[in-house]
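# Per-entry structural report
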Amino acid sequence: MMAKLTASPAAAAGTLALGGDLTVNRMGFGAMRLTGAGIWGPPTDRAEAIRVLQRAVELGVNFIDTADSYGPNVAEELIAEALHPYPGVVIATKGGLERPGPDRWVENGRPEYLRRQLEGSLRRLRVDRIDLWQLHRIDPKVPADEQFAALREFRDEGLVRHLGLSEVTTEEIDRARKIVPIVSVQNRYNVQDRKWEGEVDYCERDGLAFIPWFPLSAGSLGEGGALHRIAERHGASVYQIALAWLLARSPATLVIPGTSTVAHLEENIAAAEIRLSDRDMKELDRLGG
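Residues numbered from 1 in each chain as written. Predicted model: local features only at pLDDT ≥ 70, side-chain atom pairs only at ≥ 80, totals over all residues. Heavy atoms only, no water.

### Observations concerning the pairing of strand β9 (residues 160-166)
Within a regular beta strand, the side chains point alternately toward one face of the sheet and then the other, so they alternate between its two faces. Heads up, the condition is: For every residue, the accessible area obtained with a 1.4 Å probe (protein chains only) is divided by the maximum for its type, and the residue is called buried under 20%, exposed over 50%, and partly exposed between those limits. In DSSP terms, a helix is any run of H or I states spanning at least four residues, a strand is any run of E spanning at least two, and both are numbered starting from the N terminus. Handedness rule for crossovers: strands pointing away from the viewer, path from the first strand over the helix to the second running clockwise, crossover right-handed. Any two strands with at least two DSSP bridges between them are considered paired.
Counting buried positions along β9 yields six of seven residues, so the element is predominantly enclosed. For the segment spanning strand β8 (residues 130-135), helix α4 (residues 144-156) and β9, crossover handedness is right-handed. Taken together, the three bridges between β9 and strand β10 (residues 184-188) define a ladder with parallel strand orientation. In the strand pairing of β10, Gly-164 is matched with Ser-184. You can see the chain leave β9, run along helix α5 (residues 170-177) and come back into β10, and the turn it takes is right-handed.

### Here's the deal with the environment of Ala-270
Its location among the elements puts Ala-270 in helix α9 (residues 262-270). Note: C-alpha distance between Ala-270 and Ala-13 (257 residues apart in sequence) is 9.6 Å.

### Observations regarding the packing of aromatic side chains
To be explicit about the condition: Pairs were defined over the aromatic rings of Phe, Tyr and Trp, the Trp ring being its six-membered one, requiring ring centres within 6.5 Å. Orientation was assigned from the angle between planes: stacked under 30 degrees, edge-to-face over 60, tilted for the rest.
Across all of its chains, the model carries five aromatic pairs by this definition. Ring centres 5.5 Å apart and planes at 85° place the aromatic pair Tyr-189 and Phe-210 in the edge-to-face group. Of the two residues, Tyr-189 is situated in the loop between β10 and α6 (197-206) and Phe-210 in strand β11 (residues 209-213); the sequence distance between them amounts to 21 residues. You'll find Tyr-189 and Phe-210 in the same group, each marked buried. An aromatic cluster is built from Tyr-189, Phe-210 and Trp-245, whose rings are joined through pairwise contacts.

These values are about where atoms sit, not about what they do.
In structure tokens, the structure reads:
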């Protein structure tokens, strides 16, 4: 069973304002899965990847998250082909990871590298300014303040509108914010993985967006237990319930489930219309590890 779509279901998730001036629906889309196996190379079905992006916007998605490392470069190129010039849509991207091969990721936070990657993203996305550019990881080999100073330069030069961080602690967010304004945090977080609970609460308190990546545990949620019971009650899939929980967890969450097929996209976005009860939330809260 699966919750059904209405005309513009992503809007049912409600909105948040990135940096106070970019209002987006809290049901977004993550573009990582549009690439080939191992997040490497082009998709098996390029036409379907283009359809996924266009259908997402048709369904009310107006926030799309990507990175120069997805492919690498492939996801950004697909987004530009499908959606440029992005009327009413915010495109967020990330930089700071090198890709030596499939499923391999290496931090590189040298300021000159970050600048080169940002310039590449601007070209591939065909824009003069990135609405939200995120440091994909803080590179432990480079002083953090040097990386944050590079982000400040990008903003001062008008190359980016807003800046975000990924996989960071509250202490690291505070350190960055002493150097440059930060509007979003993208950390791994889902109904079963609650490592970053404190960061979710921090973002809600301070008016930052919290963007959970791996929102569906890459399809490993399974069909047993509380998720299954609640899905049955709502006539939904366990994956839709997991997304509905993220939206209900905090008004700061901006959810970006990704997929390479239109059918799965529609299932994900329909989750924005599910309203979990207090009973549902109490049962789901007990799943966190």
